Amino acid sequence: MASVDREAIQTLIKEMDHLLSLRQGFVSEYRAWRANAVERVAAATDEETAKEFERQGPRDTPINRQHRVHNYRQTLVAQIRFLNQILEENP
């Protein structure tokens, strides 16, 4: 990885923390945020890291709405962990 835009990654992490704090409207906010999140990660790091970012989280098929929301939240937690690891590896 050539260079990392730390500020952009920290902004993404703050947005993800905000999403996790939502109770009402989480699904619509998450879907809107997710629409361009991978491109933003690619711009802040590189394409390979963006692909790995996208692979984070559970891969099982949700059986109902509650399970889908749970999977979205688990994905966000895994992606935050992944981005924090990138920040630690690139001081």
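Predicted model, so just to flag it, every value in this text is computed and none were measured. (Residues numbered from 1 in each chain as written. Predicted model: local features only at pLDDT ≥ 70, side-chain atom pairs only at ≥ 80, totals over all residues. Heavy atoms only, no water.)

*Asks:* How should helix H4 (residues 65-89) be read in this particular structure?
*Replies:* Between its first and last C-alpha, H4 extends 36 Å over 25 residues, near the 36 Å set by a 1.5 Å rise per residue. Capping the start of H4 is the job of one residue whose side-chain oxygen sits 3.2 Å from the backbone nitrogen of Gln 66: Asn 64. (Helix = DSSP H or I, 4+ residues; strand = E, 2+ residues; numbered from the N terminus. Expected span 1.5 Å × (residues − 1). Polar contact = N/O pair within 3.5 Å; in protein donor to acceptor, adjacent residues only side chain to side chain.)

*Asks:* What's the story with the environment of Glu 88 in this structure? I'm lost.
*Replies:* As for its position among the elements, Glu 88 is in helix H4. Sequence separation between Glu 88 and Leu 20 is 68 residues; the distance between their C-alpha atoms is 22 Å.

*Asks:* For this particular structure, what's the right way to read the nonpolar core?
*Replies:* General note: in soluble globular proteins, nonpolar side chains tend to be found buried as a group. Counting 25 residues, the largest nonpolar core has Ile 9, Phe 26, Trp 33, Phe 53 and Leu 83 as its most contacted members. For this core, the secondary-structure elements that each account for two or more residues are helix H1 (6-21), helix H2 (26-44), helix H3 (47-54) and H4. Apart from the residues within four sequence positions on either side, Phe 26 is in contact with Leu 19, Val 69, Tyr 72, Arg 73 and Leu 76. (Core = buried A, V, L, I, M, F, W, Y, C linked by side-chain atoms within 4.5 Å. Buried < 20%, exposed > 50% of the residue type's maximum accessible area, 1.4 Å probe, protein only. Contact = heavy atoms within 4.5 Å.)

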